[in-house]
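Breakdown of the fold
In case you want the letters, here they are:
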Amino acid sequence: MARRGIQEINAGSMADIAFLLLIFFLVTTTMDVDRGITRKLPPPVPEEEKEKIDVPERNVFVVLINSADRLLVGKYTDKRRMDITQLKAAAKDFLRPHPGNEAYPETKEKTIEGLGTVTVSKGVISMQNDRGTSYNMYIQVQDELAGAVRELRDEMAMQYFGKKFGDLKDEIAVKAIQKAIPVAISEAEPKNVGGN
Amino acid sequence: MSRFKKKKGKGSQTINTASLPDIIFMLLFFFMVSTTMRETQLLVQVKQPKASEVQKLKKKELVSYIYIGPPPEGRQAMLGTEPRIQLNDSYANLNEIRQFIVREREEMSEDEKKLMTTSLKVDQNTKMGIVSDVKEELRDANALKINYNTRKRDEENN
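I will try to describe carefully the structure that is included in this document. Only a predicted model underlies this, so the values are computations on that prediction, with no experimental measurement involved.

Concerning the overall build of chain B
Counting secondary structure elements, chain B contains five helices and nine strands. Residues classed as buried in chain B amount to 40% of the 158 residues present. Of all intrachain contacts in chain B linking residues separated by at least 6 positions in sequence, the fraction that spans at least 24 positions is 70%. As presented, chain B carries roughly 10,400 Å² of accessible surface, and 51% of it is formed by carbon and sulfur atoms.

Following this line, the structure appears as structure tokens:
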């Protein structure tokens, strides 16, 4: 215990203390980014105003999911069983404008800022699931349909701007493509056939 | 070459570690600022389904979360295995959702209200019945922007 001048405090363990704190924060905090499929629900309709909106049959592409997670896909009159892997291609084929073809949805010419006059399909995808459908299957179907729309948009963006839709920076271009290929997915209220 | 040899004579030099704590503190502050504390304790098990067409959720302060999933294994004897809805820190019933949305909305400023998003964190094995009920409640509460929380498909290899 002989005193030899002022003793310095040993700061060697400072780094350890800081490390400890660092590790504590690494463990207790999260940096995860929330990802997901964004959808917009239709606004609530008062009971007395509920009426059937008339959409021509050829404009509607029906996707039904039953309680055993199986798919029935197609036109009202011509629905087929389908595997989920084929759904994207089928939806793409349906949504792509085919002017003058009776087997596909109606089209209309639309003038859109930034694109000029383009043919827009009036096709709507109508999705209905059972109360017993699993959430996983529901998301897979939503994902495939979103994928179909995204791929069509990519194609169009490639054609007009030479870039993929996701890489477009220009606000007007993004809006224009969104108008030319809208996310036309409607959801009907689920049935309860299979039971829970 | 002779210049290098001269130094060797002085014996091994120790690296000055005095700035090491500063570096670590810097890292620490970076993590303190850039991360967020886990806010709610999950009372339900949620394993989100995977999807590839995902968008990032921006502006976390405008997002309210609804969790749906089965209770954790330790409490299933008491609570059963049926999926439950969790709002904030407790289990909730369907009819509480509207109130929850109203309360969340009150905390936002006027121009933020229409940007409000509800993120549904739902377990992948949940049946759609309960999810549809929740969606119907959200529709009635006029919280129309929803986000199905998913994991990215290529994030994990299974």
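Still more ground to cover, so stick around.
Regarding the pattern of salt bridges
Here the idea is simple: oppositely charged side chains can pair when their charged atoms come close. Residue and element names in this part refer to chain A. The full count for this structure, using the stated rule, is 11 salt bridges over all chains. The closest approach of N and O atoms between K88 and E151, which form a salt bridge, is 3.1 Å. Remark: E151 occurs in helix α3 (residues 135–161) and K88 occurs in helix α2 (residues 84–95); sequence separation between them is 63 residues. Among the residues examined, K88 registers a relative accessible area of 21% and is labelled partly exposed. Of the charged contacts, one joins R150 and D154 as a salt bridge, the two residues approaching to 2.9 Å between their closest N and O atoms. Highlighted residues: R150 and D154, both in helix α3, separated by four residues, approximately one helical turn. Beyond isolated ion pairs, a larger network of salt bridges with shared partners links K88, K92, R96, E151 and E155.

Quick word on the sheet that holds strand β8 (residues 145–149) of chain B
Read from one edge to the other, the open sheet built from seven strands follows the order β3(B)-β2(A)-β8(B)-β7(B)-β4(B)-β5(B)-β6(B), with strand pairing classed as mixed. Edge positions in the sheet fall to β3 (55–56) and β6 (90–92) of chain B, since each of these pairs with one other strand and no more. Of the pairings in the sheet, the one linking strand β7 (residues 117–122) of chain B to β8 of chain B comprises three bridges and is parallel in character. Bridged to T118 of chain B within β8 of chain B is I146 of chain B.

Brief notes about the pairing of strand β2 (residues 35–40) of chain A
Across two bridges, the pairing between β2 of chain A and β3 of chain B is antiparallel. Among the inter-strand pairings, G36 of chain A is bridged to a residue of β3 of chain B, identified as Q55 of chain B.

Quick word on the packing of aromatic side chains
On inspection of all chains with the given rule, the structure shows nine aromatic pairs over all chains. Between Y135 of chain A and Y138 of chain A, the ring centres sit 6.5 Å apart and the planes meet at 25°, which makes this aromatic pair stacked. With Y135 of chain A and Y138 of chain A both in helix α3 and three residues apart, this pair spans about one turn of that helix. Here Y135 of chain A falls in the buried class, since its relative accessible area comes to 0%. With a relative accessible area of 0%, Y138 of chain A lands in the buried category. Taken together, the ring pairs in this structure connect Y135 and Y138 of chain A together with Y148 of chain B into an aromatic cluster.

Points about the nonpolar core
Core analysis: the biggest nonpolar cluster contains 63 residues, and V141 of chain A together with I66 and L138 of chain B have the highest contact counts within it. The residues contacting L138 of chain B, other than those within four sequence positions of it, are L41 of chain A together with I66, I97, I101, T118, L120, A143 and I146 of chain B. Of all hydrophobic cores here, the second largest spans seven residues; its members include L43, V44, V63 and Y67 of chain B.

Here we look at unusual backbone geometry
Residues and elements named next belong to chain B. A positive phi angle, near 50°, is found at N88, a position not held by glycine. Along the polypeptide, N88 turns up in the loop between β5 (84–87) and β6. On the basis of relative accessible area, N88 is assigned to the partly exposed category, the value being 36%.

Some remarks on the interface of chain B and chain A
With 54 residues of chain B at the contact, the number on the chain A side is 47 residues. Interface of chain B and chain A: buried area, both sides summed, is about 4,700 Å²; carbon and sulfur atoms make up 60% of it. The shortest N-O distance in the salt bridge between K135 of chain B and E187 of chain A comes to 2.8 Å. The tally of links between chain B and chain A comes to 22 residue pairs in polar contact (both at pLDDT 80 or more). At the level of elements, α2 (20–34), β1 (36–37), β2 (50–51), β3, β7, α5 (128–140) and β8 of chain B are the ones that each hand at least two residues to the side of chain B that touches chain A. With 11 residues, the top contributor of residues to the side of chain B that touches chain A is α5 of chain B. Among the residues making up the side of chain B that touches chain A, the classes are represented as 24 nonpolar, 13 polar and 17 charged.

A few points about the environment of L94 of chain B
Residue and element names in this part refer to chain B. Tracing the backbone shows L94 in the loop between β6 and α4 (97–106). Exposure remark for L94: the relative accessible area of 29% places this residue in the partly exposed category. Between the C-alpha atom of L94 and that of E136, which follows or precedes it by 42 residues, the distance is 9.8 Å. Ignoring sequence-local partners within four residues, the contact set of L94 consists of I85, D133, V134 and E137.

Rules of the game
- Residues numbered from 1 in each chain as written.
- Chains lettered and ligands numbered in written order.
- Predicted model: local features only at pLDDT ≥ 70, side-chain atom pairs only at ≥ 80, totals over all residues.
- Heavy atoms only, no water.
- Helix = DSSP H or I, 4+ residues; strand = E, 2+ residues; numbered from the N terminus.
- Buried < 20%, exposed > 50% of the residue type's maximum accessible area, 1.4 Å probe, protein only.
- Contact = heavy atoms within 4.5 Å.
- Areas by Shrake-Rupley, 256 points an atom, 1.4 Å probe, with all protein chains shown as cover.
- Salt bridge = Lys/Arg side-chain N within 4 Å of Asp/Glu carboxyl O.
- Pairing = 2+ DSSP bridges.
- Phe/Tyr/Trp six-rings, centres within 6.5 Å; stacked < 30°, edge-to-face > 60°.
- Core = buried A, V, L, I, M, F, W, Y, C linked by side-chain atoms within 4.5 Å.
- Buried area = accessible area lost by both parts, 1.4 Å probe.
- Polar contact = N/O pair within 3.5 Å; in protein donor to acceptor, adjacent residues only side chain to side chain.
- Nonpolar A, V, L, I, M, F, W, Y, C, P; charged D, E, K, R; others polar.

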